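Each chain, letter by letter, is given below.
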Amino acid sequence: METLLYLSLGLNLILLTFLCRSYIRKKLQEHKTTRSQPAPETPPQPRPIVNAQLRTIAETCEAKLAEEDRGKVKLLVHYQDKEHLAILQIGELMISLRRNNENQSLFKINSFMEALTLAKYGYDGTARYIPVPAELESILAQRHIINVYLEALGLEKISEKEDFWCVDTETGWNTGWKRFNCDVNEAFSRLHCKSRVRTSESNYLHQTEHEEFVNLLLLLKGWEYLFIEV
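This report concerns the structure included in the present document.

Quick notes on the rules
- Residues numbered from 1 in each chain as written.
- Predicted model: local features only at pLDDT ≥ 70, side-chain atom pairs only at ≥ 80, totals over all residues.
- Heavy atoms only, no water.
- Helix = DSSP H or I, 4+ residues; strand = E, 2+ residues; numbered from the N terminus.
- Contact = heavy atoms within 4.5 Å.
- Areas by Shrake-Rupley, 256 points an atom, 1.4 Å probe, with all protein chains shown as cover.
- Pairing = 2+ DSSP bridges.
- Axes fitted to C-alpha atoms, helices over the stretch in contact; angles between N-to-C directions.
- Core = buried A, V, L, I, M, F, W, Y, C linked by side-chain atoms within 4.5 Å.
- Buried < 20%, exposed > 50% of the residue type's maximum accessible area, 1.4 Å probe, protein only.
- Salt bridge = Lys/Arg side-chain N within 4 Å of Asp/Glu carboxyl O.
- Parallel < 35°, antiparallel > 145°, perpendicular 65-115°, else oblique.
- Left-handed = near helix turned anticlockwise from the far one by under 90°.
- Nonpolar A, V, L, I, M, F, W, Y, C, P; charged D, E, K, R; others polar.
- Phe/Tyr/Trp six-rings, centres within 6.5 Å; stacked < 30°, edge-to-face > 60°.

So, about the overall build of the protein. Broken down by element type, the protein carries six helices and eleven strands. Relative to all contacts within the protein whose residues are 6 or more apart in sequence, the contacts with residues 24 or more apart total 68%. With the model as given, the accessible surface of the protein reaches about 14300 Å², and the carbon-plus-sulfur share is 53%.

The structure is reproduced here in C-alpha cells:
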C-alpha cells in the first residue's frame, strides 16, 4: 500500500511539474508576442487653425500647384497679430510680406541705402535682410510656386524679366545687423562694395544707385519664433 501511495504521489508530482512548465512557457510566449506587436499608431492631430481665411487661401493655392510643388510653402502670421499675413516661407527662405500695417511683396527703389533702410526697419521691431545671390536665385527658380500665392493674396508677382537688389555674400550671416551695431550708415559703409543688382539677363552688376527703380525682396532671419503658420 505504501508503495502504491508513493508511486501515486510521484506521478502527481511529475504531472504537476509538467503542467506548471507548460503554463510558464505559454505565458512567456504570450509576453514575447505582445512585446513584438507594434504599439497602435496614434492618428496625427490636425494642425490648429490660426487664421481661417488665410488657411483657405493656402489650401486653394496648394490645389492649383503641380503635385511635386505642393507642401513647399507656408503662410505665417505674427503671434501677436494673427489677423494679417506677415511671411511667405518656401523651404528655409522667409519672404517678408508686411510693412506699415499693409501687405507688400516687392519694393521699387533706386539706391542701396534705401534698401538697407527698409531692411533695418522691418515689422513690429523685427529687422529684415536683403537677399544674397544664392537666396535670390532660389526664389526666382521657384517663382512659379510663389506667384500662385502672391496672386491669390492680391500682391505683386515676381518676374524674371525685372532686376533685383542683393548683397554679394555667401550667406546672410555676413549682413547680420548686430555686426553693424544696428546702424544703417555703418552697414552701408561696410556693404556698399558688395551691393549688386541682378539683371533680367542673370548678370550681377555693382550698383549703389540706379537711374530706374529696381525690385527689392526682404527676408526674415533670426526672428522665426515670433511667427506661426496659419
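There is more to say after this.
A few words now on the sheet that holds strand S1 (residues 73–78). Read from one edge to the other, the open sheet built from four strands follows the order S3-S2-S1-S11, with strand pairing classed as antiparallel. The open sheet is flanked by strand S3 (93–96) and strand S11 (227–229), the only strands paired with a single partner. Across the sheet, the axes of successive neighbouring strands diverge by a mean angle of 45°, strand direction being ignored. Bridge count for strand S2 (residues 81–90) against S3 is four bridges, and the pairing is antiparallel. Note that in S3 the partner of Leu-88 across the bridge is Ile-95. Those strands touched by helix H5 (residues 143–152) are S1, S2 and S3, and its axis lies near 165° from that of S2.

Our next topic: the nonpolar core. By size, the foremost hydrophobic cluster in this structure holds 30 residues, and its most contacted members are Leu-88 and Tyr-149. Apart from the residues within four sequence positions on either side, Leu-88 is in contact with Val-73, Lys-74, Leu-75, Leu-93, Met-94, Ile-95, Leu-97, Ile-146, Tyr-149 and Leu-150. Residues Leu-118, Trp-177, Ala-187 and Leu-218 belong to the second largest nonpolar core, which totals 21 residues.

Here we take up the pattern of salt bridges. In the structure shown here, the tally under the stated rule is nine salt bridges. Arg-47 is the salt-bridge partner of Glu-229, the closest N and O atoms lying 3.5 Å from each other. In this pair, Glu-229 sits in strand S11 while Arg-47 sits in the loop between helix H1 (2–36) and helix H2 (52–64), placing the two residues 182 residues apart along the sequence. Judged by its relative accessible area of 40%, Arg-47 falls in the partly exposed class. Arg-196 serves as the salt-bridge partner of Asp-168, at 3.5 Å between the closest nitrogen and oxygen. On the criterion of sequence distance, the pair formed by Asp-168 in the loop between strand S7 (164–167) and helix H6 (184–191) and Arg-196 in strand S8 (residues 195–198) is long-range, its members being 28 residues apart. Its relative accessible area of 35% is what places Asp-168 among the partly exposed residues. For Arg-196, a relative accessible area of 17% gives the class buried. A single network of salt bridges, built from pairs that share partners, joins Lys-108, Glu-156 and Glu-162.

Before going further, it helps to examine the packing of H2 against H5. The geometry of a pair of packed helices is captured by two quantities: the angle between their axes and the separation between those axes. Relative orientation of the contacting elements H2 and H5 amounts to 140°, with a least axis distance of 10 Å. Our classification of the angle between H2 and H5 gives oblique. Remark: the crossing between H2 and H5 carries right-handed chirality. Taking contact as the criterion, the partners of Ile-57, Ala-58, Cys-61, Glu-62 and Lys-64 in H2 are, on H5, Val-148, Tyr-149 and Ala-152. Class assignment for the residues of the contact of H2 with H5 results in six nonpolar, no polar and two charged.

Attention now moves to the packing of aromatic side chains. Per the counting criterion, the structure on display carries three aromatic pairs. An angle of 40° between the planes, with centres 6.1 Å apart, marks the rings of Phe-112 and Phe-188 as tilted. Of this pair, Phe-112 sits in helix H3 (residues 112–120) while Phe-188 sits in helix H6; the two residues are 76 residues apart in sequence, bridging distant segments of the chain. In this structure Phe-112 comes out as buried when scored by relative accessible area, which is 0%.

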